[in-house]
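Residue-level structural notes
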Amino acid sequence: QVQMVESGGGLVQAGASLRLSCAASGRTFRSYSMGWFRQAPGKEREFVAGISWNGRYRNCEDSVKGRFTISRDDAKNTVYLEMNSLRPEDAAVYYCAAGIRYGEGSSLTNEYQSWGQGTQVTVSS
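Values in this document were obtained by computation on a predicted structure and should not be read as measured data.

A short note on the state of the cysteines
Taken as a whole and judged by the stated rule, the model has one disulfide. Each sulfur in the disulfide pair Cys22 and Cys96 lies 2.1 Å from the other. Judged by the sign of its S-S torsion, about -80°, the cystine formed by Cys22 and Cys96 is left-handed. Taken together, the positions of Cys22 in strand S3 (residues 18-25) and Cys96 in strand S9 (residues 92-101) put the pair 74 residues apart, joining distant regions of the chain. When its relative accessible area of 0% is taken as the criterion, Cys22 is described as buried.

Description of the pattern of salt bridges
Within this structure, the stated rule accounts for five salt bridges. Residues Arg38 and Glu46 are paired through a salt bridge, measuring 2.6 Å at the closest nitrogen-oxygen approach. Notably, a salt bridge pairs Arg38 with Asp90, separated by 3.0 Å at the nearest N-O pair. Highlighted residues: Arg38 in strand S4 (residues 32-39) and Asp90 in the loop between strand S8 (78-83) and S9, separated in sequence by 52 residues. Through salt bridges that share partners, Arg38, Glu46, Arg67 and Asp90 make up one connected network.

Some details on the packing of aromatic side chains
Using the criterion set out here, one finds five aromatic pairs in the structure. For the pair Phe37 and Tyr112, a centre-to-centre distance of 5.0 Å together with 75° between the ring planes defines the contact as edge-to-face. Of the two residues, Phe37 is situated in strand S4 and Tyr112 in the loop between S9 and strand S10 (114-115); the sequence distance between them amounts to 75 residues. Grouped by ring-pair contacts, the aromatic residues Phe37, Phe47, Tyr112 and Trp115 constitute a single cluster. When the ring centre of Phe29 is taken as origin, the NZ or CZ atom of Arg72, which lies over that ring, is 4.7 Å away.

Basis of the calculations
- Residues numbered from 1 in each chain as written.
- Predicted model: local features only at pLDDT ≥ 70, side-chain atom pairs only at ≥ 80, totals over all residues.
- Heavy atoms only, no water.
- Disulfide = S-S within 2.5 Å.
- Helix = DSSP H or I, 4+ residues; strand = E, 2+ residues; numbered from the N terminus.
- Buried < 20%, exposed > 50% of the residue type's maximum accessible area, 1.4 Å probe, protein only.
- Salt bridge = Lys/Arg side-chain N within 4 Å of Asp/Glu carboxyl O.
- Phe/Tyr/Trp six-rings, centres within 6.5 Å; stacked < 30°, edge-to-face > 60°.
- Lys NZ or Arg CZ within 6 Å of the ring centre and 35° of its normal.

And the structure:
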């Protein structure tokens, strides 16, 4: 089982950038697809971006395409979410999640089995 700890959240102005990190434990990290989700107050958790177990496939939600990039460094057991041109509507708690073994990083929530505790991102206008 993979366990994750997110970091990198904070308060920024609209248009700024942040990089979220998710440090994962477990020697099988490199076998799992990984994803980022977010949840704003009063809203359901939504998919943001996913990456396949081997890094070849990436998937992201339409509203973040061209602004957010997911990547992974298996040597460091870490997955990243680079967020540029942040908007007030991007404000949420961001969660890292481990998907299935040899998965492709889909947007399906039920593919993800382990979750981090979340990191808060606040964007002021």
